[in-house]
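Topology and contacts: notes
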Amino acid sequence: MKLYETTFIMDPQLLEEGWEKAVARYSDIITRNGSIKRTERWGLRRMAYPIQKRTQGYYVHMVHESAPSVPRDLERQFMLDETCLRYLTVVADNPMYLEEMDRRRTAREEAEANVTIAPAATESAGSSEAAAS
Amino acid sequence: MAEYHRKTERDRDRGGRGRDDRDEQDGKEGYGGKGMRGQRRGRRFTDLKLYEIDYRNERLLRKFVTERGKLFPRRTTGISALFQRRLTTAVKRARHLALLPYVAETFK
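So, a few notes on the structure that sits alongside this text. Here the structure is a predicted model, which means the values were calculated and not measured.

1. Structural notes on the overall build of chain A
Regarding its fold elements, chain A presents 4 helices and 4 strands. What you see in chain A, going N to C, is helices and strands ordered as β-α-β-β-α-β-α-α. Burial statistics for chain A: of 133 residues in total, 20% are counted as buried.

This is the structure we're talking about:
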């Protein structure tokens, strides 16, 4: 079992329903011979260059611990799937990245939570926040 | 009596080859130094961490490519060989996922 990261880009025209179906379909392939550690939906975003005449794509990023057959199975399905614009599976060689990003996100959220509480407490806190932004 | 050249503070401090900041014409900081051959020295990424170099980290990778989308050489980025190698694969992966352009037109 190895830790893999799979990212794929779905056709934006599928809309919410189609994207969820795709996520479910590929999740199923992974769980047959592995387990999913996390699923991140980066959502609809502008691509740096058009792929199959699409300028936007729905990005899904998955981290999974799987048998070596899984990337192969995934690739076969991605290739058959015409609504999949692009895919990439790599061995997770940088697990610290996600940890660090999570840590930063929680730190940021905590900071934001503190800011929203502060203005209610004192008048001056509210004005300093306005100056900062 | 022969007039000896008295060592000044400036002479004493120079010691050895290489340019130092007194050789810089004012306002030309960032150029020069040994082996730089006039190449513009980029920002020093001293606080860059190895784990930050990742194909998902689009914001960081953008700092290492030109407007056209080409990678800066190591002499410009000034990062270590290991970092530059990781950076190269990260940029290539990001390009595949259309997070970064292979070629970008300069107008935008």
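So much for the structure itself; the text now carries on.
2. Some thoughts on the overall build of chain B
Within chain B, the regular secondary structure consists of 4 helices and 0 strands. With 108 residues in all, chain B has 17% of them scored as buried. In chain B, the proportion of contacts linking residues at least 24 apart, taken out of those at least 6 apart, comes to 66%.

3. Things to note about the pairing of strand β1 (residues 2–10) of chain A
All names here are of chain A. In terms of burial, β1 is a largely internal element, 7 of the 9 residues being buried. The pairing of β1 with strand β3 (residues 54–66) spans 9 bridges and is classified as antiparallel. The residue of β3 that forms the bridge with Ile9 is Tyr59. Relative to strand β4 (residues 84–91), β1 runs antiparallel, the two being bridged by 7 bridges.

4. So, the nonpolar core
Grouped together as the largest cluster of nonpolar side chains are 28 residues, with contacts concentrated most on Ile9(A), Met10(A), Ala90(B), Val91(B) and Ala94(B). Where this core is concerned, the elements lending two or more residues are β1, α1 (15–32), β3, α2 (69–80) and β4 of chain A together with α4 (81–96) of chain B. Excluding residues within four positions of it along the chain, Met10(A) makes contact with Trp19(A), Ala22(A), Gly57(A), Tyr58(A), Val60(A), Thr83(A), Cys84(A) and Leu85(A).

5. So, the interface of chain A and chain B
With 14 residues of chain A in contact, the opposing surface of chain B contributes 11 residues. When residues of the side of chain A that touches chain B are traced back to their parent elements, those giving at least two are β1, β2 (34–51), β4 and α3 (95–121) of chain A. By residue number, the principal contributor to the side of chain A that touches chain B is β2(A), which donates 4 residues. For the side of chain A that touches chain B, the per-class residue count stands at 9 nonpolar, 3 polar and 2 charged.

6. Some thoughts on the sheet that holds β3(A)
All names here are of chain A. The 4 strands are arranged β2-β3-β1-β4 in an open sheet whose pairing can be described as antiparallel. Looking at which strands have only one partner, the edges of the open sheet turn out to be β2 and β4. With strand direction ignored, the average angle separating the axes of adjacent strands in the sheet is 15 degrees. Where α1 meets the sheet, its contacts fall on β1, β2 and β3, and the angle it forms with β2 comes to roughly 135 degrees. Packed on one face of the sheet, α2 meets β1, β2, β3 and β4 and runs near 170 degrees to β4.

7. Things to note about the environment of Cys84(A)
Residue and element names in this part refer to chain A. Mapping Cys84 onto the fold places it in strand β4. Residues Cys84 and Tyr4, spaced 80 residues apart in sequence, show a C-alpha to C-alpha distance of 19 Å. Excluding anything up to four places from it in sequence, Cys84 contacts Phe8, Met10 and Phe78.

Procedures and definitions
Residues numbered from 1 in each chain as written. Chains lettered and ligands numbered in written order. Predicted model: local features only at pLDDT ≥ 70, side-chain atom pairs only at ≥ 80, totals over all residues. Helix = DSSP H or I, 4+ residues; strand = E, 2+ residues; numbered from the N terminus. Buried ≥ 20, exposed ≤ 12 C-beta atoms within 10 Å, placed from the backbone. Contact = placed C-beta atoms within 7 Å. Pairing = 2+ DSSP bridges. Core = buried A, V, L, I, M, F, W, Y, C linked by C-beta atoms within 7 Å. Nonpolar A, V, L, I, M, F, W, Y, C, P; charged D, E, K, R; others polar. Axes fitted to C-alpha atoms, helices over the stretch in contact; angles between N-to-C directions.

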